[in-house]
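Structural description and commentary
Below are the chains, spelled out letter by letter.
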Amino acid sequence: MKLKDIQYRFHEVLDADYGIEEVDSFFFMLIDFCFNVSRIQLAMDLDYQVKDTEKILEALQLLKEQKPVQYIIGETEFYGLTFKVNESVLIPRPETEELVECVIKQTDNNPAVNILDIGTGSGCIAISLAKNLENVKVYALDISEDALEMAKQNAKLNGVDVTFFKVDILNVDCIQHLKFDVIVSNPPYVREKEKPQMKPNVLEHEPHLALFVEDENPLLFYKAITDFAKVNLKEKGKLYFEINEFLGRSMITLLNDNNFKNIELKQDIFKKDRMIKGDKI
Ligand SMILES: C[S@@+](CC[C@H](N)C(=O)[O-])C[C@H]1O[C@@H](n2cnc3c(N)ncnc32)[C@H](O)[C@@H]1O
């Protein structure tokens, strides 16, 4: 079968759900994954033929069912690194790369540093920091055994040493003895009431444990992590959060009320409040 005919079929089946550009991007990712054929190779040979089409047509069906392409392929890219992903971990987002960038810039020239990533999921934050910073010891925790399994595979894949713990940060007691220079977290922050605005591929396939928090207590995780940081950050240690774009002001108040200083609220590339940092005095 000609690849061009498969591309035509992709557009026929998926354009109404995703739009032309996104469907092309799925198609090119999938021909690379299924046949090891690049977009350029196809452009140079428009009659390119493939034999075993079962895998790509199955992927087309899964996309129609709103399964994210990253779960179909089983991996994604984050901060220039490859991460394995499955439905037990959130697909790492570009906004989170900005958080990593910010931690790296502010940690770069420091001597030996202990870092903790809370709610590590795929391990994307912890592993990117371990890969890009020298003289760091990186720890990461999550409540989900399955997510930790994936994160451990990703640490191995990227050749870094990260110590993982299974911990419920809302009921934490077992790592009280460790002190950190940096604590970073992208915890669950989507309020249940925001569900109607979410796309079905996120809502139906990504882990709700990673996404949602009750409407009545949207800062639940931030409060617990701030309390934890008050005890477990070293003096002058830094606390970094990715945040819900609607809760920037409340987050400033939370950090202020807990005596954090040099608070910086930052926006992402879409000009939405997305990151906050505070220093423990
Ligand atoms: C928004 S995801 C972030 C995943 C990853 N750090 C990232 O940025 O892509 C939040 C993570 O917090 C974890 N989590 C949820 N409740 C938790 C709890 N009570 N204690 C520890 N981790 C929790 C979820 O399993 C999920 O991996």
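The name an unreviewed UniProt entry gives the chain is Release factor glutamine methyltransferase, with Algibacter pectinivorans as the organism. What UniProt states about the chain under its Sequence similarities (unreviewed entry) heading is, verbatim, "Belongs to the protein N5-glutamine methyltransferase family. PrmC subfamily." You can read under Function (unreviewed entry) in the UniProt record for the chain the words "Methylates the class 1 translation termination release factors RF1/PrfA and RF2/PrfB on the glutamine residue of the universally conserved GGQ motif."

1. Let's talk about the domain arrangement of the chain
Accessible area lost upon the coming together of the parts serves often as the stated size of an interface. As far as domains go, the chain holds domain 1 (3-65) and domain 2 (76-280). One C-alpha centre belongs to domain 1, the other to domain 2; they are set 34 Å apart.

2. What about the side chain of Asp 268?
Looking at the secondary structure, you find Asp 268 in the loop between strand 10 (260-267) and strand 11 (273-280). What makes Asp 268 buried here is its relative accessible area of 3%. Reaching out from Asp 268, the side chain makes a polar contact with the backbone nitrogen of Phe 270 at a distance of 2.8 Å. Only 3.0 Å separates the side chain of Asp 268 from the side chain of Arg 274, close enough to count as a polar contact. Setting aside chain neighbours within four positions, we find Asp 268 in contact with Glu 95, Glu 98 and Arg 274.

3. Side note on the nonpolar core
Ile 183, Leu 239 and Phe 241 are the most contacted members of the largest nonpolar core, which totals 34 residues. Mapped onto this core, the elements with two or more residues apiece are strand 3 (113-118), strand 4 (136-142), strand 6 (180-185), strand 8 (212-213), helix 11 (220-232), strand 9 (233-242) and helix 12 (248-257). Ranked by residue count, the leading element in this core is helix 11, at 5 residues. Dropping the residues within four chain positions of it, Leu 239 is found in contact with Ile 183, Ile 225, Thr 226, Ala 229, Leu 233, Leu 255, Phe 260, Ile 276, Lys 277 and Gly 278. Val 100, Val 103, Val 113 and Ile 115 belong to the second-largest nonpolar core, a separate cluster that totals 29 residues.

4. Observations regarding the site of the ligand
Near the ligand you find 22 residues, and of these Gly 119, Asp 142, Asp 168, Ile 169 and Asn 186 are the closest. Asp 142 has a polar side-chain atom sitting 2.7 Å from an oxygen atom of the ligand. Here a nitrogen atom of the ligand and a backbone polar atom of Val 167 are 3.5 Å apart. Protein chains bury 96% of the 600 Å² of accessible surface belonging to the ligand in isolation. Elements with a contribution of two residues or more to the shell around the ligand: helix 7 (124-132), strand 4 and helix 10 (208-211). Class assignment of the residues belonging to the shell around the ligand gives a composition of 14 nonpolar, 6 polar and 2 charged.

5. Let's talk about the UniProt feature "binding site: substrate" (unreviewed entry) in the chain
The sites that carry the UniProt feature "binding site: substrate" (unreviewed entry) are, in the present numbering, Asn 186, Pro 187, Pro 188 and Tyr 189. Given the relative accessible area of 5%, Pro 187 is considered buried. Contacts of Pro 187, omitting those with residues within four sequence positions, involve Phe 221, Tyr 222, Ile 225, Phe 241 and Glu 242. Tracing the backbone shows Tyr 189 in the loop between strand 6 and strand 7 (190-191). Excluding its chain neighbours within four sequence positions, the residues that come into contact with Tyr 189 are Leu 211, Val 213, Tyr 222, Glu 242, Ile 243, Asn 244 and Arg 274.

Cut-off values and rules
- Each chain carries its own residue numbering, running from 1 in the written order of its sequence.
- Given that this is a predicted model, residues contribute local features only at a pLDDT of at least 70 and side-chain atom pairs are listed and counted only at 80 or more, while totals for whole chains, interfaces and linings are drawn from all residues.
- Side-chain numbers come from the whole structure's heavy atoms, not from hydrogens or water.
- UniProt positions are given in the numbering used here, feature names are shortened, and annotations may be inferred rather than shown by experiment.
- Here the limits of each domain have been adopted from an automatic or database domain assignment.
- Per the convention used, a helix needs a DSSP run of H or I reaching at least four residues, while a strand needs a run of E reaching at least two, with both numbered from the N terminus.
- Residue exposure (1.4 Å probe, protein chains only): buried if accessible area is under 20% of the type maximum, exposed if over 50%, otherwise partly exposed.
- Polar contacts here mean pairs of N or O atoms no more than 3.5 Å apart (in protein, one a potential hydrogen donor and the other a potential acceptor; neighbouring residues in sequence count only if both atoms are side-chain atoms).
- By the convention used here, residues are in contact when the closest approach between their heavy atoms is within 4.5 Å.
- Throughout this description, the term nonpolar core refers to a set of buried Ala, Val, Leu, Ile, Met, Phe, Trp, Tyr and Cys residues connected via side-chain atoms within 4.5 Å.
- Being near a molecule or strand, for a residue, means having at least one of its heavy atoms within 4 Å of it.
- Note on areas: these come from Shrake-Rupley sampling with a 1.4 Å probe, and a residue is covered only by the protein chains present in the view.
- Nonpolar residues are Ala, Val, Leu, Ile, Met, Phe, Trp, Tyr, Cys and Pro. Charged residues are Asp, Glu, Lys and Arg, and all others, Gly as well, are polar.

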